Amino acid sequence: MTRRIETALLVDDDDAFRTTLQGALRRRGVVARTAATIDEGLVALEYEPVDLVVIDYRMPRGDGLSALAQYRRLQPDAAIVMLTGFGDIPLAVAAMREGADTLLSKPVDADRLLREAASLRERLRPPPSSASTPPPGSLKLDELEREAIRAALRESGGVVATAAKLLGIDRRTLQRKLKKLG
């Protein structure tokens, strides 16, 4: 049985997105607080722990990636989800190295976010000394790759050659991956 997410902190500079996601989580019974900056979020966590931290990658005064270690230190047991509109595999790997549990593309569905977060909280976190060897299956690279390809195709308007450039891979490689994904 998965542990229910009861509290969340949403850190995003986009007011409309942040309040919309907050409302969606509240309608699902989650006590959701928000912060418009990385520093606001860190201060909020010092006073009240949460089950879920959702942090945006691109923010005006510091990116979410560089703040992940601080958030992880303050909330070692929370599920930490990084959101981005610019997802790619290297970013996903970097985010997980810095302390995120997963990377999801914006816009994110509140139900999917809660399912992912509850699933992440169920997994046992390795002790800090063994952090260099993540548990098998924890990175979900196939899913991250699919998300990155979809995001690149959306951004490129469906043009495979342009999407391949955005992903930093050869066009033929992307075509093979698309054929494999179906």
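Within an unreviewed UniProt entry, the label attached to the protein chain reads Chemotaxis protein CheY, and the organism entered is Sorangium cellulosum.

Quick notes on the pairing of strand β3 (residues 52-56)
In terms of burial, β3 is a largely internal element, five of the five residues being buried. Of the two faces of β3, both are covered, the one formed by Leu52, Val54 and Asp56 as well as the one formed by Val53 and Ile55. Pairing of strand β1 (residues 7-11) with β3 involves four bridges; the strand directions are parallel. The residue bridging Leu9 from the neighbouring strand is Val53, located in β3. Examined bridge by bridge, β3 and strand β4 (residues 79-84) share five bridges and lie parallel to one another. By the bridge assignment, Leu52 is partnered in β4 with Ala79.

Re the UniProt feature "modified residue: 4-aspartylphosphate" (unreviewed entry) in the protein chain
UniProt records the feature "modified residue: 4-aspartylphosphate" (unreviewed entry) for Asp56 in the present numbering. Looking at the secondary structure, you find Asp56 in strand β3. If near-sequence neighbours (up to four positions away) are discounted, Asp56 is found in contact with Val11, Asp12, Asp13, Gly64, Leu83, Thr84 and Lys106.

Comments concerning the packing of helix α2 (residues 38-47) against helix α3 (residues 64-74)
Axis separation between α2 and α3 bottoms out at 10 Å; the angle between their running directions is 5 degrees. Judged by the angle between their axes, α2 and α3 are roughly parallel. Across the interface between the two elements, Ile38, Gly41, Leu42, Leu45 and Glu46 from α2 touch Gly64, Ala67, Gln70, Tyr71 and Leu74 from α3. Across the contact of α2 with α3, the residue classes tally to six nonpolar, three polar and one charged.

Digging into the nonpolar core
The nonpolar side chains of a soluble globular protein tend to be buried, and buried together. Counting 26 residues, the largest nonpolar core has Leu9, Ile55, Leu68, Tyr71 and Met82 as its most contacted members. Mapped by element, the contributors of at least two residues to this core are β1, α2, β3, α3, β4 and α4 (89-98). Ignoring anything within four residues of it in the chain, the contact list for Ile55 reads Val11, Ile38, Gly64, Ala67, Leu68, Tyr71, Val81, Met82 and Leu83. Of all hydrophobic cores here, the second largest spans 22 residues; its members include Leu10, Leu113, Leu114 and Ala117.

Observations concerning the environment of Arg146
Along the chain, Arg146 turns up in helix α6 (residues 141-155). Under the relative-accessibility criterion, Arg146 is labelled partly exposed at 32%. Sequence separation between Arg146 and Ile89 is 57 residues, and the spatial gap between their C-alpha atoms is 9.4 Å.

Some words on the pairing of strand β5 (residues 102-105)
Here β5 shows two buried faces, one formed by Thr102 and Leu104 and the other by Leu103 and Ser105. Pairing of β4 with β5 involves four bridges; the strand directions are parallel. Paired with Thr84 across the strands is Ser105, a residue of β5.

Re the sheet that holds strand β2 (residues 31-35)
Across the sheet, five strands lie side by side as β2-β1-β3-β4-β5; this open sheet has parallel pairing. Each end of this open sheet is capped by a strand with a single partner; those strands are β2 and β5. Ignoring strand direction, the axes of neighbouring strands in this sheet form an average angle of 20 degrees. In the packing of helix α5 (residues 110-122) onto the sheet, contacts are made with β3, β4 and β5, and the angle to β4 comes to roughly 140 degrees.

Description of the packing of aromatic side chains
Tallied over the entire structure, the rule returns zero aromatic pairs. It is Lys106 that lies over the ring of Phe17; its NZ or CZ is 4.6 Å from the centre.

Comments concerning α4
All buried positions along α4 are accounted for by Leu91, Ala92, Ala95 and Met96. All buried residues of α4 fall inside an arc of 130 degrees around its axis, so they share one side. Turned more than 90 degrees away from the buried face of α4 sit Pro90 and Arg97, all of them exposed. Two residues or fewer past α4, Gly99 is found with a positive phi of approximately 130 degrees.

Thresholds applied
- Residues numbered from 1 in each chain as written.
- Predicted model: local features only at pLDDT ≥ 70, side-chain atom pairs only at ≥ 80, totals over all residues.
- Heavy atoms only, no water.
- Buried < 20%, exposed > 50% of the residue type's maximum accessible area, 1.4 Å probe, protein only.
- Helix = DSSP H or I, 4+ residues; strand = E, 2+ residues; numbered from the N terminus.
- Pairing = 2+ DSSP bridges.
- UniProt positions renumbered as here; feature names shortened; annotations may be inferred.
- Contact = heavy atoms within 4.5 Å.
- Axes fitted to C-alpha atoms, helices over the stretch in contact; angles between N-to-C directions.
- Parallel < 35°, antiparallel > 145°, perpendicular 65-115°, else oblique.
- Nonpolar A, V, L, I, M, F, W, Y, C, P; charged D, E, K, R; others polar.
- Core = buried A, V, L, I, M, F, W, Y, C linked by side-chain atoms within 4.5 Å.
- Phe/Tyr/Trp six-rings, centres within 6.5 Å; stacked < 30°, edge-to-face > 60°.
- Lys NZ or Arg CZ within 6 Å of the ring centre and 35° of its normal.
- Arc of directions from axis to C-beta.

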